[in-house]
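# Fold and contact review
Listed below are the residues making up each chain.
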Amino acid sequence: MTDRFHDIALTVNGEPVRERVDARRTLVDFLREDLDLTGSHVGCEHGVCGACTVRLDGAIVRGCLTLAVQCDGATVETIEGVADSGAIADLREAFERRNALQCGFCTPGMLLTAQALLARGGVPSRDEIRAHLSGNYCRCTGYHAIVDAVEAVAQARAGQVK
Ligand code: FES
Ligand code: FES
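Procedures and definitions
Residues numbered from 1 in each chain as written. Chains lettered and ligands numbered in written order. Predicted model: local features only at pLDDT ≥ 70, side-chain atom pairs only at ≥ 80, totals over all residues. Heavy atoms only, no water. Salt bridge = Lys/Arg side-chain N within 4 Å of Asp/Glu carboxyl O. Buried < 20%, exposed > 50% of the residue type's maximum accessible area, 1.4 Å probe, protein only. Helix = DSSP H or I, 4+ residues; strand = E, 2+ residues; numbered from the N terminus. Domains from an automatic or database assignment. Buried area = accessible area lost by both parts, 1.4 Å probe. Polar contact = N/O pair within 3.5 Å; in protein donor to acceptor, adjacent residues only side chain to side chain.

Let us look at the pattern of salt bridges. If the charged atoms of two oppositely charged side chains come close together, the side chains can form a pair. Summed over the entire model, instances satisfying the criterion amount to nine salt bridges. As a salt-bridge pair, R25 and E33 come within 2.9 Å of each other at their nearest N and O atoms. Note on E33: relative accessible area 53%, which makes it exposed. Between R55 and E77 there is a salt bridge, with the nearest N and O atoms lying 3.3 Å from each other. Here R55 is found in strand β3 (residues 53-56), whereas its partner E77 is found in strand β5 (residues 75-77), with 22 residues between them in sequence. Among the residues examined, R55 registers a relative accessible area of 15% and is labelled buried. Within the structure, one salt-bridge network assembled from shared partners comprises R25, E33 and D34.

Encoded structure:
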């Protein structure tokens, strides 16, 4: 029988991390329960809602569909690290100003997903924003305000202030 527990070494929000993890431990549970990074949320636990979105080697992934052991040697960024970097300060401000969050459960995943779209540059259409965010569920806002906020930031970053 193969070992159930594995030693992993990775970088999380710029800090080196070494832990022994159960082979079945998901990345989001590892982040929340072992590293106390509770900004990533757990909703559906089967890849549908996007609440668990984090960055793995620069790309957004579902933390509930990624195993911690798969992240050995990788770089992981959570909403805490990305927010601390200041990279999404304008998005956070736009979400607040435009009432794009209510309970906030979806918001970390929304912000990371929106940032991945905006990082491509240019100003996406509202349809493109909706399509890009379609894997992130929000139970509160009706999405309109979220699209407004992302569109406003895209325009501002492109120098087209509304
Ligand atoms: S908790 Fe991962 S997609 Fe819903
Ligand atoms: S703000 Fe409540 S789920 Fe989106």
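The next thing to look at is the domain arrangement of the chain. Examined at the domain level, the chain breaks down into domain 1 (2-82) and domain 2 (86-157). Taking both partners together, domain 1 and domain 2 bury about 1200 Å²; carbon and sulfur atoms supply 66% of that area. Taken together, the links from domain 1 to domain 2 amount to zero salt bridges. Across the domain 1-domain 2 interface, the total number found is four residue pairs in polar contact (both at pLDDT 80 or more). Listing elements by their share of the side of domain 1 that touches domain 2, those giving two or more residues are β3, β4 (59-62) and α2 (79-85). It is β3 that contributes the most residues to the side of domain 1 that touches domain 2, three residues altogether.

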